[in-house]
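A closer look at the structure
Given next are the chains, with one letter for each unit.
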Amino acid sequence: MEKAQKAVDSVVDGVKKVAIGEKKPKAKKEKGGDGGADAGPLELDPEPQFISHRIQVFDRLKAKQDADIAAKPRNDITVTLADGSVKLGKAWEVTPAEIAKGISSSLLKRTVVARINGEELWDIERPLEADCKLELLSFDDPDGKKVFWHSSAHILGEASERRFGCSLCIGPPIENGFYYEMGLPGGAAVTESDWKPLETLVSKIVKEKQPFQRLVLSKDDLLEMFKDNKYKQHIIKDKIADGAFTTVYRNGPLIDLCRGPHVPNTGRIETFAILKNSASYFLGNKDNDSLQRIYGISFPDKKQMAAHKKFLEEAALRDHRKIGKDQELFFFHELSPGSAFILPHGTRIVNAVMALIREQYMERDYNEVNSPNMYNSELWKTSGHWDHYKDDMFTLKVDKEEFALKPMNCPGHCLMFDHRVRSHHELPWRVADFGVLHRNEASGALSGLTRVRRFQQDDAHIFCREDQIKDEITDLFDFLHSIYGLLGMSFKLRLSTRPEKFMGKIETWDMAEGKLKEALDEFSAGPGGSPWELNEGDGAFYGPKIDISIDDCLGREWQCATIQLDFQLPQNFGLEYMSNEVVKKSGDEEAKPKVKEPKKKEEPTVKGVDPVKKERVIKPLTPGCARPVMIHRAMAGSMERFLGILIEHFAGKWPFWLSPRQVLIVPVGVGFYDYAKEVQKIFKKQQMYVDIDLSGNTLPKKIRTGQLSQYNFIFVVGAEEEKGRQVNVRYRDDTSSQDRGQPVDLQVAVDKLSSLLKERGSYNPFPGEAKPAAKTEEVKA
C-alpha cells in the first residue's frame, strides 16, 4: 500500500513546476462559477451532485473500516517519548493526541502531527497499533509545517468546490505555503475577485472545526468514488497498481485522494490568506487541459501571519525582476523564452563574480577549459544521460544523426580526461568550465532569472584518487566559505543519498556515501562548521551529492552550489590513469599508442518492435592502471540564477566591487565638463565604472538621480575642486555625507577606491565627519 501511496505523491512532484505564470490575471468576465463577492452567491446552491455521491461511498466504506478496527485485539503497548519517558496504552485505542493531552493541554494544542519510530508521520487522532517511539511535532518543525500547510490546502480545496463546482487535481504544501490546482466548469478562470469569497468560505470551514478522517480504499473503490473527476481518474489508473490500496481524507464535504497525515481538525488553521493565482497544465504537459492554481499561506496564530506579510512586502521590494528592469540589468524576450538578455550593467556584475571565482581557481590549482556546446547522442548514451535526462535536453538532427545541446559539462570533461594517457602524478586534475548550457525546462516552470533554459554555470570537475576524496571535499567547503563569507551569506549542507533509479552497484554507492559523510562530519566538528542534514533518496542517478543552500539577508534559502561524488561516469567512459604500480611492459608495448577500438554498427531496428536494450559493458582496466573518482562541483551554480539571488540579497545596493555603477561625476556647470572628463579617465584606468551627468538638470536633481541609481560614490566638481585637484565625495551608505559631501584630494580618492576595489571591501574609505566643502555654486549652462 505504501508503494501505491508514494506513486500518488510522485504525481505531485511531477507537476509542482508547471505554473504557466504568476502574474495576477486581468479582471475579466468569468465563464463559470460566481464572479466576485458582488457577482452572485458565495457558494453554489444546490451543491454539485458529485459531492453527495462521494460522501455516500465514503460513509459506506468508513463504517466497514471502523468495524474492522473495533475487532482488532487491544494488546498492551508501550510508547516511548522523545525524552525517554514511557507511556502505556492499548493497541488500536490510544492516540498521540491522548498522550499529548495527558502531559498538558498546551502541548496538545501545539502538536500538529506525530512521528512514529523516527520515520512515519502519523495523524494525532489515529490510534497507535504497536510498540513505538513517538515524537510530537509542532508547526515549528519542518514536517509539522508541511502537514499544517497540506491541511490548509484541503480547506482551500473544499472552499473551491463549494464556490466553483470544480474538479480538483492536486493540493500539495510547498516551500512557503501551499496551492490547489483545479479545472473550473467551462474552462473558466479564477480571478482576484474570487479571493475574498474564498477566504470567507475558509473562515466558515475553520469555525466548523471539521475533523480530518482517514480511510483506506482499494483501486476499484477509488475509481468509483471519483468517477466524476477525470483528473483523479487518470492519477488512480496511471499511478496505483491493480489490487493496491491507498488512502483518502475527508473534511466536511471534501474527500480527496491523499496520503496524509493531517491536523486533527480545520479549527487548527488560525489565519489564512490567498496570495495569488495562476494557470497551469495538467501533469505539466501543454497538450493537456489548462487548469487554475490558487496559492495560499496559513499560520497557527495571527502574529506569524503579520510577520509573514511584512516579509512579503520586503521581498516584493527586492524582486529581482523589478530591480533588474529599474537598473537595466537584464530582460527577456518572447522570441527566446527562458533565455536572459544580460545587459551591460548586468554583465558587469556577472563578470565581477566570475573574476572572484577565477581568482580562487588560481589559488586552488584549477585549469579552465572550453568545451563544445553540441554532442552526438552517442556521448549521452555512454554517460547514461540519454536514458535518464533526454526529455530535459534540446535535441536536433544533424547529417541524419541525433545530437543534443549540452545540459551539463561532465561528459565533455570525461572526453578531455580520456584524450591521452594520464598518470597518478597529475591527480587531482581540476578542470573548470563557464560554458553555455541548455535545459528544456517546462514553459510554466520558467521564472525570471531563477529558472531559465539557457545559462552559464561555474561548472568544474575534479578527477582524483579515492584516497584524495576527503581532502578535495574539505577544500570545497573552504571554497564555499571564501565565496559566501565575502557576500555575507551563510550556507547549509544536505547529503542526498541513493535514489530509486540509479546506476552502478549498491556497494559502490555505500562507499561513496560513506566518504561524503566522513568529510561532512569532520567539517561540522571543525571551526566555522555547522550541522549537516540527511536527505534520503534525493541523490543524482550517478552518485550521492551534497546540496548547498544559502541564506540571504531575509533568511530565505536558495539552492545554488552542489558537490556530487561520481564513481559511475569514469566507469561508463572507461577512464583510467597509470597508478604507481605500473606493470612492466616490453619496449614494443610501451611504444604502442593508446588506440580505441572502432565502434560496432548497431543492428537496424524494426519498425514497431522495441530494440533490445543492451547491458552496459564496463571497459576493464589496463594492467597497472586505476579508475579515477569524479567530483562534480559548482560554487555559484547558474550565473543567471546567482545574479537574481544577489539582486534580491543586496536589494540593488551593490557593494563597490560588485557595483555596475561605482562613481558618478557631477560637474556643477558646463565650464567644468573637461575636468569631469579628466577625472573619469583617471578612474577608468583603475578599472572602475565611472559616469558623468552632462544633463541640463539642476545640481540637486543630478545628485538625487545618482543616489536613486545606487551609485556608490558621487563626485561633485566645480571651480574649487578643479583648482585644488579635488573631488567632493558623497558616499551612498553614509547619510552624513549626502548633503555637503567631503572634499578629497584626487590622488587620495584614487588610492582609496583602488584599495577598496582590490580588497572587495564594504567599508567607507573616507571615514569621519563630513567636513564643510569649499563653496561651490551651480553654474547654469
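Above this note sits the structure.
Quick look at the structure, then. (Residues numbered from 1 in each chain as written. Predicted model: local features only at pLDDT ≥ 70, side-chain atom pairs only at ≥ 80, totals over all residues. Heavy atoms only, no water.)

Notes on the overall build of the protein chain
Along the protein chain, the regular secondary structure elements total 23 helices and 34 strands. Taking all 781 residues of the protein chain together, the buried fraction comes to 51%. Long-range contacts, defined as pairs at least 24 residues apart, comprise 72% of the intrachain contacts of the protein chain with a sequence gap of at least 6. Of the accessible surface of the protein chain, which amounts to about 38,400 Å², a share of 50% is contributed by carbon and sulfur atoms. (Helix = DSSP H or I, 4+ residues; strand = E, 2+ residues; numbered from the N terminus. Buried < 20%, exposed > 50% of the residue type's maximum accessible area, 1.4 Å probe, protein only. Contact = heavy atoms within 4.5 Å. Areas by Shrake-Rupley, 256 points an atom, 1.4 Å probe, with all protein chains shown as cover.)

Things to note about the nonpolar core
For soluble globular proteins, the rule of thumb is that nonpolar side chains tend to be buried together. I473, Y484, L487, I546 and L658 are the most contacted members of the largest nonpolar core, which has 60 residues in total. Those residues within four positions of I546 in sequence are excluded, and the remaining contacts are I473, F477, L493, R494, L495, L516, L520, T562 and I563. In this structure, V147, V190, L198 and I269 belong to the second largest nonpolar core, which totals 39 residues. (Core = buried A, V, L, I, M, F, W, Y, C linked by side-chain atoms within 4.5 Å.)

Focus: the pattern of salt bridges
Tallied over the full model, the rule gives 48 salt bridges. With its nearest N and O atoms 3.7 Å apart, the salt bridge here joins K381 to E378. One end of the pair, K381, and the other, E378, are both in helix α12 (residues 377-383), three residues apart, so they sit about a helical turn from each other. Using a relative accessible area of 34% as the deciding quantity, one classes K381 as partly exposed. For R633, the salt bridge identified is with D458, shortest N-O distance 3.5 Å. (Salt bridge = Lys/Arg side-chain N within 4 Å of Asp/Glu carboxyl O.)

Here's the deal with the sheet that holds strand β32 (residues 713-717)
The mixed open sheet is built from five strands, whose spatial order is β31-β30-β32-β33-β34. On the outer flanks of this sheet lie β31 (690-692) and β34 (742-745), each paired with one strand and no other. Direction aside, the axes of adjacent strands within the sheet are offset by 30° on average. For strand β33 (residues 726-731) and β34, the ladder comprises four bridges, and the chain directions are antiparallel. The partner of Q726 across the bridge, within β34, is D745. Where helix α20 (residues 673-684) meets the sheet, it contacts β30 (663-667), β31, β32 and β33, and its direction lies at approximately 170° from that of β31. The strands touched by helix α23 (residues 746-759) within the sheet are β30, β32, β33 and β34, with β34 carrying the most contacts at an inclination of about 90°. (Pairing = 2+ DSSP bridges. Axes fitted to C-alpha atoms, helices over the stretch in contact; angles between N-to-C directions.)

Digging into helix α6 (residues 195-207)
Its 13 residues give α6 an end-to-end C-alpha distance of 18 Å, which sits within 8% of 18 Å, the value for a rise of 1.5 Å per residue. Every buried residue of α6 is listed here: W195, P197, L198, L201, V202, I205 and V206. The first or second residue beyond α6 is K209, which carries a positive phi of 50°. (Expected span 1.5 Å × (residues − 1).)

Some words on unusual backbone geometry
Most of the time, phi is negative for any residue but glycine, and the peptide bond is trans. Of the consecutive residues D45 and P46, the connecting peptide bond is found in the cis state with omega at 5°. For P46, the position within the fold is in the loop between α1 (2-15) and α2 (49-70). A cis amide bond, omega 0°, links L427 with the succeeding residue P428. Even without glycine at this site, N117 takes up a positive phi of about 55°. Position of N117 relative to the elements: it lies in the loop between β3 (113-116) and β4 (120-122). Taking relative accessible area as the criterion, N117 reaches 44% and is therefore assigned partly exposed.

Focus on α23
Spanning 14 residues, α23 covers 20 Å between terminal C-alpha atoms, matching the ideal 20 Å at 1.5 Å per step. Considered for burial, the residues of α23 that qualify are L746, A749, V750, L753 and L756. For α23, the buried positions fall inside an angular range of 135° around the axis, keeping them on one side. Counted as exposed and oriented over 90 degrees from the buried face of α23: K758 and E759. A positive phi of about 55° marks R760, the residue just after α23. (Arc of directions from axis to C-beta.)

Some details on the side chain of N728
Its location among the elements puts N728 in strand β33. At a separation of 3.1 Å, a polar atom in the side chain of N728 contacts the side chain of R730. (Polar contact = N/O pair within 3.5 Å; in protein donor to acceptor, adjacent residues only side chain to side chain.)

Quick look at the packing of helix α11 (residues 344-363) against helix α15 (residues 469-486)
Relative placement of two packed helices is described by the angle separating their axes and the distance separating the axes. Contact geometry of α11 with α15 gives a least axis separation of 11 Å together with a crossing angle of 150°. Between α11 and α15, the angle is such that the two are roughly antiparallel. Seen from above, α11 lies across α15 with right-handed handedness. Mapping the contact onto sequence places L356, I357, Q360 and Y361 in α11 and F479, S482, I483 and L486 in α15. Looking at the contact of α11 with α15, its residues break down into six nonpolar, two polar and no charged. (Parallel < 35°, antiparallel > 145°, perpendicular 65-115°, else oblique. Left-handed = near helix turned anticlockwise from the far one by under 90°. Nonpolar A, V, L, I, M, F, W, Y, C, P; charged D, E, K, R; others polar.)

Overview of the state of the cysteines
Within this structure, the stated rule accounts for zero disulfides. With no disulfide of its own, C414 lies closest to C410 among cysteine sulfurs, the gap being 6.7 Å. (Disulfide = S-S within 2.5 Å.)

Some words on the pairing of strand β19 (residues 401-405)
Sheet topology note: the strand β17 (residues 374-376)/β19 ladder contains three bridges and is antiparallel. Note that in β19 the partner of Y375 across the bridge is A404. Relative to β19, strand β18 (residues 395-398) runs antiparallel, the two being bridged by four bridges. The partner of V398 across the bridge, within β19, is E401.

Regarding the sheet that holds β4
Spatial strand order, β2-β1-β5-β3-β4: five strands in an open sheet with mixed pairing. Of all strands in the sheet, those bounded by a partner on one side alone are β2 (86-90) and β4. Recorded for the sheet is a direction-independent mean angle of 35° between the axes of neighbouring strands. Pairing analysis gives three bridges linking strand β1 (residues 76-81) to strand β5 (residues 132-137), with the strands arranged parallel. Each bridged residue has a counterpart across the sheet, and for V79 the counterpart in β5 is C132. Each of β1, β2, β3, β4 and β5 is contacted by helix α3 (residues 96-103), which is oriented at about 70° to β5, the strand it contacts most. Taken strand by strand, helix α5 (residues 142-164) contacts β3, β4 and β5, and its axis lies near 130° from that of β3.

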